[in-house]
Amino acid sequence: MKIRDKFWLFASRAHDDDIWLGKSTNDRFTRWSRITPAEGALMLGVPNVIMIGSDGDPAPFSAEAYGYMESFCRMKEVVWSVTGSGGFRTGNEERFICELAKKYPNITGAFADDFLGFGEDQGKGSLISDIRSVLDTSVRPLSMWATFYTRDIEKSDPAIYGMFDNLSLWTWEYKELDNLKTNYELFERKYPKQKKYLGIYILDYPSGEPVPNEYMELQCEYGLELIRSGRAEGMIFLTNCVMGVGLPSEYWLREWIDKVGDETLE
């Protein structure tokens, strides 16, 4: 297995983050990204995609949703969102994912984005159980993933987050990456049984600016260290809809993946 086999693109519809790109025009030649999920994965050279719905788009069972899956024909693994950005749910995502699994052998899991940490956690445990019970009817086992922010580590409830198979850790503001090692070690201690992924932003959403290259190096090299040592299952790069606009952080990331991606894991 190569290092790049551990890399994932966190993806959503093209133009989804134009509002964030529009906060500033520094370090780019356009405010609008036209890059689709499949294009983003190709540009980075990563073989796995996490497809996240945004405000219900693409809708489960829609022609658009199946069209996205067709575009992932060369992807090694695809995980589809069971909750989208901001925790949005139509309510039939898990049934749709089971249908996708029948047709597409590279569907391997369901991703809960922003499922926790938005409002009260009351009732979330029973909802996770309900989703899991539907996923368990799939033609093959499907893993359950979730977004986890460093700001939530201390207050998070292991009884809820512990119901997921895979947790991905994200640092919302790039300056907080100075605490990444400490936060990840706390994350490990609190959730020892879950498979863990390190989330990598290339745009700093609070400022609308690209993550500085020194911080790209900090988080990517640390993630690589975690993968090599077996402390992380992989890294997730966010996202196609801030790519193709000239961000220095994207250029840096592409070069870095080219450099380390074909290394063989022991």
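Quick notes on the rules
- Residues numbered from 1 in each chain as written.
- Predicted model: local features only at pLDDT ≥ 70, side-chain atom pairs only at ≥ 80, totals over all residues.
- Heavy atoms only, no water.
- Helix = DSSP H or I, 4+ residues; strand = E, 2+ residues; numbered from the N terminus.
- Contact = heavy atoms within 4.5 Å.
- Polar contact = N/O pair within 3.5 Å; in protein donor to acceptor, adjacent residues only side chain to side chain.
- Phe/Tyr/Trp six-rings, centres within 6.5 Å; stacked < 30°, edge-to-face > 60°.
- Buried < 20%, exposed > 50% of the residue type's maximum accessible area, 1.4 Å probe, protein only.
- Lys NZ or Arg CZ within 6 Å of the ring centre and 35° of its normal.

Trainee: I would appreciate a short explanation of unusual backbone geometry in the present structure.
Mentor: Generally, phi is negative for residues other than glycine and the peptide bonds are trans, each holding for most cases. Across the junction of aspartate 57 and proline 58, the peptide omega takes the value 0 degrees, indicating a cis bond. Within the secondary structure, proline 58 sits in the loop between strand E2 (48-51) and helix H3 (63-71). Following leucine 238, the chain continues to threonine 239 via a peptide bond in cis, the omega torsion being 5 degrees. Inspection of the secondary structure assignment puts threonine 239 in the loop between strand E10 (234-238) and helix H9 (248-260). Positive phi outside glycine occurs at histidine 15, with the angle close to 75 degrees. Within the secondary structure, histidine 15 is located in the loop between strand E1 (7-11) and helix H1 (18-21).

Trainee: How should I be thinking about the environment of aspartate 204 in this particular structure?
Mentor: Along the chain, aspartate 204 falls in strand E8 (residues 203-204). Setting aside chain neighbours within four positions, we find aspartate 204 in contact with Trp172, Glu173, Tyr174, Glu209, Pro210 and Val211. A polar contact is formed between the side chain of aspartate 204 and the backbone nitrogen of tyrosine 174, at a distance of 3.1 Å. Polar contacts involving the side chain of aspartate 204 include one to the side chain of serine 207, which spans 2.7 Å.

Trainee: What is the right way to read the packing of aromatic side chains from this model?
Mentor: To describe a pair of aromatic rings, you give the distance between the ring centres and the angle between the ring planes. One pass over the structure, following the stated rule, counts 26 aromatic pairs. Seen in terms of ring centroids, tyrosine 66 and phenylalanine 96 are 5.4 Å apart; in terms of plane orientation they differ by 80 degrees. Their pairing is edge-to-face. With tyrosine 66 in helix H3 and phenylalanine 96 in helix H4 (residues 93-103), the pair connects residues that are 30 residues apart, well separated along the chain. Classification of phenylalanine 96 by relative accessible area gives buried; the value is 0%. Members of the aromatic cluster, joined through ring pairs, are Trp8, Phe10, Trp20, Phe111, Trp145, Trp170, Trp172, Tyr197, Tyr201 and Tyr205. Of note, arginine 151 hangs over the ring of tyrosine 149, and the distance from its end group to the ring centre comes to 4.4 Å.

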